[in-house]
Structure formats: structure tokens, C-alpha cells
Amino acid sequence: MAETITIRMAIDADGTALNALRPQMDRVRDDRYFAQCMGEIAAECRVMFVAETGAGIVGYVMLNRQSRYQPFRSAGIYEIQDLYVLPDHRRGGVGEQLVQACEDQARSEKCDMIGLAVGLHAGFGSAQRLYTRRGYVPDGFGLVYDMDRVSEGAFVCVDDDLNLMMVKDF
């Protein structure tokens, strides 16, 4: 029998629970990261959704209302950020459900478009396929590095900060 996954908006106590999961995460997170996120949620700059099972939180995603990426910010486009599912819970639709929660929230706030950044190295292959399958397309401005546009001919490091910005119309 498949495990039941519940998607819900994060609450303050989730910051502590997420911080406790950091050792299981296959990415580096500062020990203050989730506390900072909870502060931004309280300030209504972003929303966080968590995925949980009977055993606890297995994934999360952010919906940022104030993107650092200038084209999104100036157009009022909310940005999906930091989608993460624990390795043992991947390939079961958790990521799809978390992205859907962000899309539903953006629609409920009268947004007609949503955006995201996706990394370009192989570690983001699953995310690239997920977003394409869900109808996201490049925003047309090319690559960004740390949210700044990359000029033609520039040399950049292929790491987590090299992204393609994508959008989806509702």
C-alpha cells in the first residue's frame, strides 16, 4: 500500500522539524536557514508547504512573493524555490504535489503566471523533467548566475547557482 502524503502550509514548529532533518538532506543548509525562512513567512514574503507522512515531514517547497530575479520581481511573478524531497520519498509524486500547492496558492492570490529557477547540472535532471512535464518554459532571458543574467561569452561555474529561469502561464 502506498504511503499517504499530506501537503499543508508550514507552521512555526516546522522550522525546528526541518532543521532536525538537515543531516538526512543531500544538500548543505546553514543551521539558521529554516529559522530565516520562518521569519520571511511571518513577514508574508513567502509561503512554505511541507509534505508529511505519519512519520513526519518528508519534503518542502517555498513560494516567494518577492523574487530576487529582477524580471520576476518587476512583473509581480511569484517564484517557486527550494523544492526538496528526502531521497527515500522521491519518485512517488511528492514533488508534483508540492509544486501543485504553490501553483494553487499563486492562482488564489490572482497571479496569472508563476516562475522558478532550475539548475543546469545533472543533479537537477529530475527537477528539469518535472517542470517541463508541468508546462514550464524558459523565460527567454537566457541563463542566470546567482540571479544575474549571464552575458554571451561569459565563463561561469556550473554549480547550483547557474540556472535557467522558467515560467508557466495560468
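Scroll up for the structure.
Residues numbered from 1 in each chain as written. Predicted model: local features only at pLDDT ≥ 70, side-chain atom pairs only at ≥ 80, totals over all residues. Heavy atoms only, no water.

Observations concerning the nonpolar core
Okay, so step 1: Formed by 41 residues in total, the largest nonpolar core has its most connected members in Met48, Tyr60, Ile80 and Tyr131.
Okay, so step 2: Within the second largest apolar cluster, 7 residues are counted, among which are Tyr69, Phe72, Ile77 and Val144. (Core = buried A, V, L, I, M, F, W, Y, C linked by side-chain atoms within 4.5 Å. Buried < 20%, exposed > 50% of the residue type's maximum accessible area, 1.4 Å probe, protein only.)

Digging into helix H1 (residues 12–21)
Okay, so step 1: Listed as buried for H1 are Asp14, Gly15, Leu18 and Leu21. Along H1, the residues classed as buried sweep out an arc of 120° about the axis, all on the same side. Seen from the open side of H1, the exposed residues pointing more than 90 degrees away from its buried face are Asp12, Ala13, Thr16 and Ala20. (Helix = DSSP H or I, 4+ residues; strand = E, 2+ residues; numbered from the N terminus. Arc of directions from axis to C-beta.)

Quick word on the pairing of strand S6 (residues 137–145)
Okay, so step 1: Relative to strand S8 (residues 162–169), S6 runs antiparallel, the two being bridged by 5 bridges. Of the residues in S8, the one forming a bridge with Leu143 is Leu164.
Okay, so step 2: In the sheet, S6 pairs with strand S7 (residues 148–149) via 2 bridges, with the strands oriented antiparallel. The residue of S7 that forms the bridge with Tyr145 is Asp148.
Okay, so step 3: In this structure, the hairpin formed by S6 and S7 is closed by a connection of 2 residues, where Asp146 is found at a positive phi of approximately 50°. (Pairing = 2+ DSSP bridges.)

Considerations on the side chain of Lys168
Okay, so step 1: Within the secondary structure layout, Lys168 lies in strand S8.
Okay, so step 2: A polar contact is formed between the side chain of Lys168 and the side chain of Glu103, at a distance of 3.2 Å.
Okay, so step 3: Not counting the four nearest positions on each side in its chain, Lys168 is found in contact with Glu103, Asp112, Met113, Ile114, Arg134, Gly135 and Tyr136. (Polar contact = N/O pair within 3.5 Å; in protein donor to acceptor, adjacent residues only side chain to side chain. Contact = heavy atoms within 4.5 Å.)

Considerations on the packing of aromatic side chains
By convention here, two paired aromatic rings are described through the distance between centres and the angle between planes.
Okay, so step 1: Going through the model one piece at a time under the given rule, you end up with 5 aromatic pairs.
Okay, so step 2: With a centroid separation of 5.3 Å and 85° between ring planes, the pair formed by Phe34 and Tyr60 is classed as edge-to-face. Of this pair, Phe34 sits in helix H2 (residues 33–42) while Tyr60 sits in strand S3 (residues 56–64); the two residues are 26 residues apart in sequence, bridging distant segments of the chain. Take Phe34 and Tyr60: they sit in the same class, and that class is buried.
Okay, so step 3: Consider the rings of Tyr60 and Tyr84, whose centres lie 6.1 Å apart with planes at 35°: the pair is tilted. Separated by 24 residues along the polypeptide, Tyr60 in strand S3 and Tyr84 in strand S4 (residues 78–85) bring together distant segments of the chain.
Okay, so step 4: For Tyr84, a relative accessible area of 3% puts it in the buried group.
Okay, so step 5: Aromatic ring contacts, followed pair by pair, group Tyr33, Phe34, Tyr60 and Tyr84 into a single cluster.
Okay, so step 6: Here the guanidinium or amino end of Arg149 rests over the ring plane of Phe141, the centre of that ring lying 4.1 Å away. (Phe/Tyr/Trp six-rings, centres within 6.5 Å; stacked < 30°, edge-to-face > 60°. Lys NZ or Arg CZ within 6 Å of the ring centre and 35° of its normal.)

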